[in-house]
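# Geometric and topological summary
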Amino acid sequence: MESDNYDVVVIGGGAAGLSAALVLGRARRRVAVVDAGAPRNATAAHMHGFLSRDGMSPADLLDAGRAEVRAYGVDLVDDEVVTIADRFTLGLAGGQSLTARRLLLATGASDVLPEIPGAHERWGRDFLHCPYCHGWEVRHQPIGVLGTGPGSVGHAQLLRQWSSDVVFFSHNDAVTESERVALDARGIFVIEGEVAGLSIVDDRLAAVELADGRAIPRSAVFMRPTLRANVAVLVDALQLVVDESGFVSADATGRTSAAGVWVAGNAADSRAQVITAAGQGSAAAIAINADLVADDVQDACFAAVPNETERMSDDRLG
């Protein structure tokens, strides 16, 4: 099957991928963005903390970004990369094949949610993760924080910034004595016992239900983010180095351990918010373009050598 040839293929069309494509398109590179259409923040009605875009819906941001990159000749391919071979030939689920001189991985990550009834349905609505993304909207309201492992107590302390009514549901997280003292000091009450579900009234969270039958009224529940990078196929195909949590290891520009491959956004940085991911995409694009320029210079010099050698030979014969 014949392949479409590109300078750069960006895998993932979220904020990181589109930001990179914008920079590369403006640099007159031939670019394709392959996007499977499953952004991490799809369930959220609004995004926050993005200067000039505060309160915009994630879907509207992506629509605007896609329109902007199209204006610079970037190809948008709604598909999924399923194979990578021969540095770099990409096979897509729909049967198309693309080749690229460089790759940018901007595949993001997926939230790992607890097996609590209602958690998936309420995710991004009133079962939340990021205080900086959602804290303002539930300020002064009754907030719960779900214990899911290391860092959960710290998350409760962070949420105390937005409300004086915060409780910590220990669930399956053991609270140490020193943590309990610190929680007590800031008026954060610890509720022991397993959380069994979320009580919803009129499509809003009303209470957190415990296995022992108690129902604790809350307007929102937060949990410390637990993420899984969406890079499994890519890591194996490209033999990428990843950290202990499975996120792609990279330098400050996003350059990975695999030659010609960069990464940006949540695939490498679990803490990257939308605005952070967009910035990382821009930085990676600039580094990729510089790398391509170095190749272009080398190719031009190599092509010029035979001609120069031939000219010098002709001069000597004359």
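The rules we used
- Residues numbered from 1 in each chain as written.
- Predicted model: local features only at pLDDT ≥ 70, side-chain atom pairs only at ≥ 80, totals over all residues.
- Heavy atoms only, no water.
- Helix = DSSP H or I, 4+ residues; strand = E, 2+ residues; numbered from the N terminus.
- Rg over C-alpha atoms; globule rule 2.2 N^0.38 Å.
- Buried < 20%, exposed > 50% of the residue type's maximum accessible area, 1.4 Å probe, protein only.
- Contact = heavy atoms within 4.5 Å.
- Areas by Shrake-Rupley, 256 points an atom, 1.4 Å probe, with all protein chains shown as cover.
- Lys, Arg positive; Asp, Glu negative; His and termini not counted.
- Charge placed at Lys NZ, Arg CZ, Asp CG, Glu CD.
- Polar contact = N/O pair within 3.5 Å; in protein donor to acceptor, adjacent residues only side chain to side chain.
- Pairing = 2+ DSSP bridges.
- Axes fitted to C-alpha atoms, helices over the stretch in contact; angles between N-to-C directions.
- Core = buried A, V, L, I, M, F, W, Y, C linked by side-chain atoms within 4.5 Å.
- Phe/Tyr/Trp six-rings, centres within 6.5 Å; stacked < 30°, edge-to-face > 60°.
- Lys NZ or Arg CZ within 6 Å of the ring centre and 35° of its normal.
- Parallel < 35°, antiparallel > 145°, perpendicular 65-115°, else oblique.
- Nonpolar A, V, L, I, M, F, W, Y, C, P; charged D, E, K, R; others polar.
- Salt bridge = Lys/Arg side-chain N within 4 Å of Asp/Glu carboxyl O.

Attention shifts here to the overall build of the protein chain. From N to C terminus, the protein chain includes 8 helices and 17 strands. Over its C-alpha atoms the protein chain spans a radius of gyration of 25 Å, topping by over 25% the 20 Å that the globule rule assigns to 318 residues. In terms of overall dimensions, the protein chain has a C-alpha envelope of 100 × 40 × 35 Å along the principal axes. The proportion of buried residues among the 318 residues of the protein chain is 45%. Residue pairs in contact within the protein chain that sit at least 24 positions apart in sequence constitute 57% of those at least 6 positions apart. Total accessible area on the protein chain stands at roughly 16,000 Å², and carbon and sulfur atoms take up 52% of it. Computed over 26 positive and 42 negative side-chain charges, the separation of the two mean positions in the protein chain equals 5 Å.

What follows concerns the environment of Arg40. Secondary-structure assignment places Arg40 in the loop between β2 (31–35) and α2 (58–70). Considered as a pair, Arg40 and Gly73 are 33 residues apart in the sequence and their alpha carbons are 26 Å apart. Leaving out residues up to four positions away in the same chain, Arg40 has contacts with Ala109, Asp111, His129, Pro225, Leu227 and Asn266. Among the polar contacts made by the side chain of Arg40, one reaches the side chain of His129 at a distance of 3.3 Å. There is a polar contact of 3.2 Å between the side chain of Arg40 and the side chain of Asn266.

What the 3 strands build is an open sheet, ordered β12-β13-β14; its pairing is antiparallel. Each of the sheet's edge strands pairs with one partner strand only, and the pair in question is β12 (195–201) and β14 (215–217). For this sheet, the mean inter-axis angle between neighbouring strands, taken without regard to orientation, is 30°. Two strands pair when backbone bridges link them, and β12 and strand β13 (residues 204–210) are joined in this way by 6 bridges, in the antiparallel orientation. The residue bridging Val201 from the neighbouring strand is Arg204, located in β13.

Counting residues in hydrophobic clusters, the biggest one holds 29 residues, and the most contacted among them are Val9, Ile84, Leu90, Leu103 and Leu238. Contributing elements (two or more residues each) for this core: β1 (4–11), β2, β4 (81–85), β5 (89–92), β6 (97–105), β16 (227–229), α7 (232–238) and β17 (261–263). No other element matches the 4 residues that β6 contributes to this core. Judged by nonpolar contacts, the second largest core, of 22 residues, contains Ala16, Val69, Val74 and Trp262.

For the rest of this paragraph, the subject is the packing of aromatic side chains. The tally for this structure, following the rule as stated, stands at 2 aromatic pairs. Pairing Trp123 with Phe127 gives two aromatic rings, centres 5.2 Å apart and planes at 70°, and the pair type is edge-to-face. Across the pair, exposure class does not vary: Trp123 and Phe127 are buried alike. Over the aromatic face of Tyr6 sits the side chain of Arg30, whose NZ or CZ is 4.2 Å from the ring centroid.

Quick look at the packing of helix α5 (residues 152–159) against helix α6 (residues 177–185) now. α6 packs onto α5 with a crossing angle of 10° between their chain directions and a minimal axis gap of 11 Å. With respect to each other, α5 and α6 are oriented roughly parallel. Across the interface between the two elements, Val153, Ala156 and Gln157 of α5 pack against Glu179, Ala182 and Leu183 of α6. Looking at the contact of α5 with α6, its residues break down into 4 nonpolar, 1 polar and 1 charged.

Here the focus is the pattern of salt bridges. For the coordinates displayed, the defined rule picks out 15 salt bridges. Overlapping salt bridges bring together Asp7, Arg29, Arg101 and Asp296 as one network.

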